[in-house]
Amino acid sequence: MRTFILRRLLFAIPTLIGISIITFVIVRLAPGDPIRLFTFGSRATNEDIEALRHLYGLDQPLPIQYLDWMWKLVHLDFGRSFIYNQDAAALFMQYVPNTLQLAIVALALQLVIGVPLGVIAALKRGTWVDGFVRVFGVAGHAVPAFWLGLVLILFFAVQLRWLPSQGMLTIGKDNWDLLDRFKHMLLPAIVLSLTGIANYSRLLRTETLEVLSQDFVRTAHAKGLHERTVMFVHALRNALIPVVTALGGILAGLIGGALVIEQVFSWPGIGRFTFAAAIAKDYPVIQAGVMISGVLLVISYILRDIAYAVVDPRIGVK
Amino acid sequence: MSHPRTGRALISALAATMLVATACTGGTPTSSGAPTSSAAASATEAPQQGGRVIEATISDIATMQPVLVNDTASGRATGLIYDTLIQQDAKTGEVKPRLATYTTSSDGLTYTFEINAKANWSDGKPIIAQDWLSAVTAVGKSAKTVRKSTFQDIVGFNEFCAPAGAQCKATASTISGITIDTANPKKFSVKMTKVSCPAILDLGGATASPMPTHVFGKYLTATSKAEDFDNAVENTAPTVFSGPFTFKEWRKGDQVIFGKNASYWQGAPNVDEYVYKVVANTTAITNGLKTGEITFGSIIAKDLADMQTVDSVKITKYQSLGYTFIGWNTSSPTATGLADKRVRQALAYGIDMDAVIKAVVFGEATKQVAHHVPVQWAYPSVALEAYKFDKAKAQSLLKDAGWVAGSDGILAKDGKKFNLTISTNSGNTERETLAQVAADQYKALGINAVSKPEAFQGLVTKLTTGDQTLEATIIGWSLGGDPDPYQIWHSSQIPDPSKNVTGFGFTYFKDAAMDKAIEQGRNPTDGNCSTAARKANYETFNKILNENQPYNFGYSNNVLAVSNKSLQNFEPGSFSTLYNVHQWWIKK
């Protein structure tokens, strides 16, 4: 297992270098000069702008800028934000917990709702329950998240006043007021999890139906095992394998997908923060954000592979 | 000083200029909702103590150091914790004392300030002249400020500031033009190299808010490096305050929390807390105002009708200190017609701006025909051409200029068709609609006009660096406290890539008489900075613009400030919202 992990970590290095090159090039190919942008409208003279460009190394040729960035990166120096004048990585990391908590709750909702829905639909194949889950599976994909978010805000926050319309915590409340946090999280987590619930219910339905038709399930029935044992010990464990496979990518997808949700619900997460940095052409923040997200993504894939091996004994880890 | 409006907050709050006396027209706030009862309550009831004001802002702040501020949100935040020497009347722009009174020498070259005897820092130490000098010193030393040019006319500043370059010499260890009274540590004088009418708002404005020397002094010694000050922790977590509020916590991307400064020299604020709540967009502001999660914020015209149905809020309208316009590239190699004054006048007559205002901003704006807006004292008293919609006149002017419709109905001259691309920043719905409506109306004149949204980031660089691919651009100016239009309209501000000159003169229009009027309004040779003298120059300036139409000056929006009815004494104006924030109170 240790060799496996080490090898995966080693393979991650070229992946991350690739990410760094692509990010660097795309960020700089986008039109506009960051210094001119953030000093636009101020009394900054041409000299001020040139001095700032020099200070941030933007007057150097692009390959030199890239190498300089990489050199600092290996020393864990992500540079300072043009806008905030603070360490870019430290800034970005302040937003990570906010997005993670939303993503984890959404993931939990996906599993807690999506998996049983799929299994029930498979067991009740052909009934109205199955029909409902299948329709839900399509609708969950079709409904745009921003639209649903706005509708939920208008209904539950503006009309009924049951839930807050925005933010992560009521102003004045303690950071550890979990009930208040839960109220704020409910609507965005529901919207964020919707696509996943639809995905999982469809996936589980298909997988469960397939597993239920396998020989070993018939054998288990023939052995006279209780229906519940057949279902949970034999069938479900196998049906869950693709779910675990999808997990690694889904966490990354949730973090990425949170951008729209964070925007609609004014949730202070990495999506909104990185989006704002991209608009402002704050290179150090964008680059730090993409690199840190890249590392998180690589780690989540490694964890997925490990989980995959644990769940499916047929797969060995070498 | 002016700055462009971007729809987000990448704009400067550097404004600061001068007004000696006042002669203001228009701009009186009007309210709807239930302002009468609210105002009456404020006037007659004793303020209640406690509560919290929550202001919605779309952008997070970037810093709490006035010297480094480069965006609107940070400017407002620093305004809560650091008082300025002077302030402008919220409605008229008249300059008034705040932390200090001031006098000007007869030759107009020396300003003498005396800080209020009662004015103390939140830790009890007196606010003294050295604290003001520390702020100017910080500007001189910082590598990240873009304010050095603000103080370039102070005697000895350029010799002091660093690093050495075209402006700064970095040869002196002190600023020779600033003298602190040896007998009175709260009194100081500032000598200027030339008479500069906007200077008073620079010297007494936000950039030069006194800075607690007992906190920042260690970053500003003779041996300190620029990064010592630029990266000081107190820039993001200040500890000592001169304003009505103190800094408590900055939850990044979510909220900035300020507590009341119980020892504020003008009297402790009535409310316990002031919170900047960062929200995603204007829809979130509207929703938050409806639910009561937000105490006040500005909404967009589209949401006004909806907001007027909400009983719990009061709506205050006032004219913004800025305008949205279409800038014509008068030296465009592709839209050559724009070089002709008659064509530009035709483009003014040929668009029904009143109808546009109704369609684009639901009538919540005033048509502009020159640079200054009606709330500024510099707004001309003389009659200007109103450019009322007159299609026939527009067509006649185009014909006089040699543009004749071809068989396809498109105007052409010397075999070249009149194509016109109107660019604007994408994502700004108001401007995108304006570009589309303008293009449609110009098509009716026979001009092959199209609208083209593009990313603001790219547009900014193109505009300021002399990119000739732009033919017409819709953008907006937020004007500063002083009416000096030098940075936008003086010919020195026209970009010239061959000489590496950048600037906001992206219409490439210049006029010697206009230059002279601008210079005399800024640095009068006779030293006369009176409102009357400056206004005469600005009338000349506005008349030239009005006649030559390098912009279609578009319109000046109304600001729609919405507050919860529980908020009392909230009386914002075009020049300031927070001027009386310590007197605001929440009615329970």
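Since we're looking at a predicted model, the values are computed, not measured. (Residues numbered from 1 in each chain as written. Chains lettered and ligands numbered in written order. Predicted model: local features only at pLDDT ≥ 70, side-chain atom pairs only at ≥ 80, totals over all residues. Heavy atoms only, no water.)

*Asks:* Can you walk me through the overall build of chain A in this structure?
*Replies:* What chain A contains, in helices and strands, is 13 helices and zero strands. The secondary structure elements of chain A, listed N-terminal to C-terminal, are α-α-α-α-α-α-α-α-α-α-α-α-α. Taking the principal axes of the C-alpha coordinates as reference, chain A spans close to 85 × 55 × 35 Å. Taking as baseline every contact in chain A between residues at least 6 positions apart, the subset at least 24 positions apart corresponds to 75%. Accessible surface for chain A amounts to roughly 15600 Å². Of this, 70% is attributable to carbon and sulfur atoms. The positive charge centre, built from 27 side chains, and the negative charge centre, built from 20, are 10 Å apart in chain A. (Helix = DSSP H or I, 4+ residues; strand = E, 2+ residues; numbered from the N terminus. Contact = heavy atoms within 4.5 Å. Areas by Shrake-Rupley, 256 points an atom, 1.4 Å probe, with all protein chains shown as cover. Lys, Arg positive; Asp, Glu negative; His and termini not counted. Charge placed at Lys NZ, Arg CZ, Asp CG, Glu CD.)

*Asks:* How do you make sense of a nonpolar patch on the surface when you look at a structure like this?
*Replies:* All names here are of chain A. Taken together, the side chains of F146, W147, L150, V151, L259, V260 and F275 make up a nonpolar region of the molecular surface, amounting to roughly 590 Å² of accessible area. For the nonpolar patch, the secondary structure elements donating two or more residues are helix 7 (145–159) and helix 11 (241–264). Ranked by the residues each element gives to the nonpolar patch, the list is headed by helix 7, at four residues. Inspection of the secondary structure assignment puts W147 in helix 7. Taking the relative accessible area as the measure of exposure, W147 reaches 46% and is therefore partly exposed. (Patch = residues over 30% accessible without salt bridge, like charges linked within 9 Å, V, L, I, M, F, W, Y side chains within 5 Å. Salt bridge = Lys/Arg side-chain N within 4 Å of Asp/Glu carboxyl O. Buried < 20%, exposed > 50% of the residue type's maximum accessible area, 1.4 Å probe, protein only.)

*Asks:* What should I look at first to understand the interface of chain B and chain A in this one?
*Replies:* How big an interface is tends to be stated in terms of the accessible area lost upon association of its parts. Taken together, the 64 residues of chain B in the interface contact 52 residues of chain A. For the pair chain B and chain A, the summed buried surface comes to about 4700 Å²; carbon and sulfur atoms form 54% of the total. For the pair chain B and chain A, the interface holds 19 residue pairs in polar contact (both at pLDDT 80 or more). Those elements that provide at least two residues to the side of chain B that touches chain A are strand 1 (2–5), strand 3 (52–57), strand 10 (245–251), strand 12 (273–278), helix 8 (282–291) and helix 14 (456–465) of chain B. Considering each element in turn, the side of chain B that touches chain A owes the most residues, seven residues, to helix 14 of chain B. (Buried area = accessible area lost by both parts, 1.4 Å probe. Polar contact = N/O pair within 3.5 Å; in protein donor to acceptor, adjacent residues only side chain to side chain.)

*Asks:* Mind showing me how you'd approach the pattern of salt bridges here?
*Replies:* For the coordinates displayed, the defined rule picks out 29 salt bridges over all chains. The partner of A:K72 in a salt bridge is A:D68, with the nearest N and O atoms 3.5 Å apart. Within this pair, A:K72 and its partner A:D68 are both found in helix 4 (residues 62–74), separated by four residues, close to a single helical turn. We classify A:K72 as partly exposed; its relative accessible area is 34%. B:D306 is paired through a salt bridge with B:K290; the nearest N and O atoms lie 2.5 Å apart. One end of the pair, B:D306, is in helix 9 (residues 304–307); the other, B:K290, is in helix 8, with 16 residues separating them in the sequence. A relative accessible area of 33% places B:D306 in the partly exposed class. Through salt bridges with shared partners, a single network forms among A:D33, A:R36, A:E50 and A:R53.

*Asks:* Sorry, what's going on with the sheet that holds strand 19 (residues 416–417) of chain B here?
*Replies:* Taken together, three strands build an open sheet; the order of strands is 17-18-19 (chain B) and the sheet is antiparallel. Lying at the two open borders of the sheet, with one neighbouring strand each, are strand 17 (404–405) and strand 19 of chain B. (Pairing = 2+ DSSP bridges.)

*Asks:* Help me understand the domain arrangement of chain A, please; the structure alone is not making it clear to me.
*Replies:* Residues and elements named next belong to chain A. What the domain assignment reports for chain A is domain 1 (2–74) and domain 2 (88–311). Computed over C-alpha atoms only, the centres of domain 1 and domain 2 are separated by 32 Å. Contact with domain 1, which involves 21 residues of that partner, is made by 14 residues of domain 2. Between domain 1 and domain 2 lies a buried interface of about 1600 Å² when both sides are counted; carbon and sulfur atoms form 77% of it. Considering only the side of domain 1, the residues that lose the most area to domain 2 are R8, L16 and V27, jointly responsible for 28% of the buried surface there. Linking domain 1 with domain 2 are zero salt bridges. At the junction of domain 1 with domain 2, the criterion picks out three residue pairs in polar contact (both at pLDDT 80 or more). Among the elements of the structure, helix 1 (2–29), helix 2 (34–38) and helix 4 are those that each provide at least two residues to the side of domain 1 that touches domain 2. If one sorts the elements of the side of domain 1 that touches domain 2 by residue count, helix 1 sits on top with 12 residues. (Domains from an automatic or database assignment.)

*Asks:* Whenever I open this one, the sheet that holds strand 6 (residues 100–104) of chain B confuses me. Can you help?
*Replies:* The strands making up a sheet are joined through hydrogen bonds of the backbone, oriented either antiparallel or parallel. Residue and element names in this part refer to chain B. Taken in spatial order, the four strands of this open sheet run 6-7-9-8, and their pairing is antiparallel. Every interior strand has two partners, whereas the edge strands, strand 6 and strand 8 (178–180), have only one. Each strand of the sheet is rotated relative to its neighbour by a mean of 20°, with strand direction disregarded. In this structure, strand 7 (residues 110–115) lies alongside strand 9 (residues 187–191), joined through five bridges in antiparallel fashion. The partner of T112 across the bridge, within strand 9, is S189. The strands touched by helix 3 (residues 129–141) are strand 7, strand 8 and strand 9; relative to strand 8, the strand with the most contacts, the crossing angle is about 155°. (Axes fitted to C-alpha atoms, helices over the stretch in contact; angles between N-to-C directions.)

*Asks:* Looking at this structure, how should I read the state of the cysteines?
*Replies:* Note on terminology: disulfide describes a covalent bond linking the sulfur atoms of two cysteines. Residue and element names in this part refer to chain B. Inspection of every chain in the model, using the stated rule, returns two disulfides over all chains. In this model, C161 is linked to C168 through a disulfide, with the two sulfur atoms separated by 1.9 Å. Every disulfide takes its handedness from the sign of the S-S torsion; for C161 and C168 that torsion is -105°, giving left-handed. For C161, a relative accessible area of 0% gives the class buried. In this model, C197 is linked to C529 through a disulfide, with the two sulfur atoms separated by 2.1 Å. Here C197 and C529 share a disulfide; its torsion about the S-S bond, -90°, makes the bridge left-handed. A residue pair is termed long-range when its members are at least 10 positions apart, and C197 in the loop between strand 9 and helix 5 (199–203) and C529 in the loop between helix 16 (512–522) and helix 17 (531–548) qualify at 332 residues. (Disulfide = S-S within 2.5 Å.)

*Asks:* Which parts of the structure should I look at to understand the packing of aromatic side chains?
*Replies:* Here the distance between the centres and the angle between the planes together describe a pair of aromatic rings. Residue and element names in this part refer to chain B. Within the structure shown, the criterion is met by 41 aromatic pairs over all chains. Here Y102 and F113 contribute two aromatic rings whose centre-to-centre distance is 5.9 Å and whose plane-to-plane angle is 35°, an arrangement assigned as tilted. With Y102 in strand 6 and F113 in strand 7, the pair connects residues that are 11 residues apart, well separated along the chain. Relative accessible area serves as the criterion here: at 0%, F113 is assigned to the buried category. For the pair F570 and W584, a centre-to-centre distance of 5.1 Å together with 80° between the ring planes defines the contact as edge-to-face. Linking F570 in the loop between strand 24 (567–568) and strand 25 (585–586) with W584 in the loop between strand 24 and strand 25, this pair joins segments that are 14 residues apart in sequence. Through pairs of rings, three or more aromatic residues link up here, namely Y323, F325, W477, W489, F504, F506, Y551 and F553. Looking at K252, its charged tip hangs above the ring of W250, at a distance of 4.5 Å from the centre. (Phe/Tyr/Trp six-rings, centres within 6.5 Å; stacked < 30°, edge-to-face > 60°. Lys NZ or Arg CZ within 6 Å of the ring centre and 35° of its normal.)

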